[in-house]
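Structural features, examined
One-letter residues, chain by chain:
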Amino acid sequence: MNSNMVPIYDSNGRIEGYCRIQQTNTTAARNYAQRNTPAAHSNILALPSTPAVPSGTLPLQPTNLPSVGVAVDWDGWPDGEFSQDFSFDEVAKTGNLLIHWAHKVNGGDRYGNDHANKWRKGKRSSRRCLGAIICDNQDCTIVIRPKTSPQSIIMQMKESCLCGSYLIRQTCNVVAYTWRWSGGVHFYNTGIHKHRRPGRILHALPVRATL
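Overview of the structure. (Residues numbered from 1 in each chain as written. Predicted model: local features only at pLDDT ≥ 70, side-chain atom pairs only at ≥ 80, totals over all residues. Heavy atoms only, no water.)

What follows is about the sheet that holds strand β8 (residues 175-181). In space, the 5 strands of this open sheet follow the order β3-β9-β8-β5-β4, with antiparallel pairing throughout. Each of the sheet's edge strands pairs with one partner strand only, and the pair in question is β3 (80-86) and β4 (103-106). Along the sheet, successive strands turn relative to each other by an average axial angle of 15 degrees, direction set aside. Examined bridge by bridge, strand β5 (residues 123-129) and β8 share 6 bridges and lie antiparallel to one another. Opposite R127, over in β8, you have A176 as the bridge partner. (Pairing = 2+ DSSP bridges. Helix = DSSP H or I, 4+ residues; strand = E, 2+ residues; numbered from the N terminus. Axes fitted to C-alpha atoms, helices over the stretch in contact; angles between N-to-C directions.)

Structural data, given as structure tokens:
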């Protein structure tokens with residue numbers, strides 16, 4: 001038996017990872033690779049999601065978002081498009097607005113001041129969701145948390161699921177923004193996570209209660 005690696009493509013035709021397959025000859029491996037073209041996988045690798053907001057652009061605040069003062073049950077899984085203001089005490093109770101979604105913390109803006117008297121002039125930071133990794137076995141319930149670096153994710157995708165099936169990465173464009181200012185922290189979540197929750201939580205919340 002020969003061990004072969006075949007590429008996995010995203011919806012734009014870029015290689016996103018590799019799967020290891022066992023084939024009896026190289027012809028079978030080539031046939032498998034031909035079946036796994038970008039067109040063949042575009043409907044399962046990249047889920048439709050909210051368009052990403054450019055890192056240097058201040059996201060606009062829609063007028064229909066919840067107003068300041070609405071009670072929030074912060075469970076670590078912010079989902080949907082909404083904004084909310086938190087006091088520093090509320091931020092501390094939620095572990096600095098801890099998020100359980102697999103995400104990568106982006107560097108803060110060069111501009112902005114955490115001593116500003118308005119949140120729009122505060123210090124902004126963001127956390128971009130990394131999606132989830134599942135497999136092509138519809139009966140499998142395992143959801144793997146993607147690692148934060150592209151190289152590490154590629155290594156993850158080279159492995160097989162614990163059930164023995166091929167891994168598939170579900171991408172996500174949701175970004176969680178925070179502005180820290182003199183009055184607290186303003187939070188804005190850009191959209192809906194259209195993928196399953198990772199099964200492993202890295203850190204538990206200090207408390208879970210309606211703020």
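Now that the structure is up, let's keep going.
With that settled, the discussion passes to helix α4 (residues 150-158). Two residues of an α-helix separated by three or four positions point the same way, owing to the 3.6 residues in each turn. Along α4, the residues classified as buried are I153, Q156 and M157. The buried residues of α4 all sit within an arc of 95 degrees when viewed along its axis, so they share a single face. (Buried < 20%, exposed > 50% of the residue type's maximum accessible area, 1.4 Å probe, protein only. Arc of directions from axis to C-beta.)

Most of strand β9 (residues 184-191) sits inside the fold, with 8 of its 8 residues counted as buried. Both β3 and β9 contribute to a ladder of 7 bridges, which runs antiparallel. Bridging from a neighbouring strand, F82 pairs with N189 of β9. As judged from the 6 bridges shared by β8 and β9, these two strands associate in the antiparallel manner. By the bridge assignment for β9, Y177 is matched with Y188. Adjacent in sequence and paired antiparallel, β8 and β9 are bridged by 2 residues.

Turning next to the nonpolar core. Of all hydrophobic cores here, the largest spans 14 residues; its most connected members are W74, F86, L97, I99 and F187. Elements supplying a minimum of two residues to this core: β3 and β9. In this structure, I99 is in contact with W74, G76, P78, R127, A176 and F187, ignoring residues within four places of it in sequence. Listed in part, the 7 residues of the second largest apolar core include C135, C140, I153 and L167. (Core = buried A, V, L, I, M, F, W, Y, C linked by side-chain atoms within 4.5 Å. Contact = heavy atoms within 4.5 Å.)

All quantities given are derived from atomic positions and should not be read as evidence of function.
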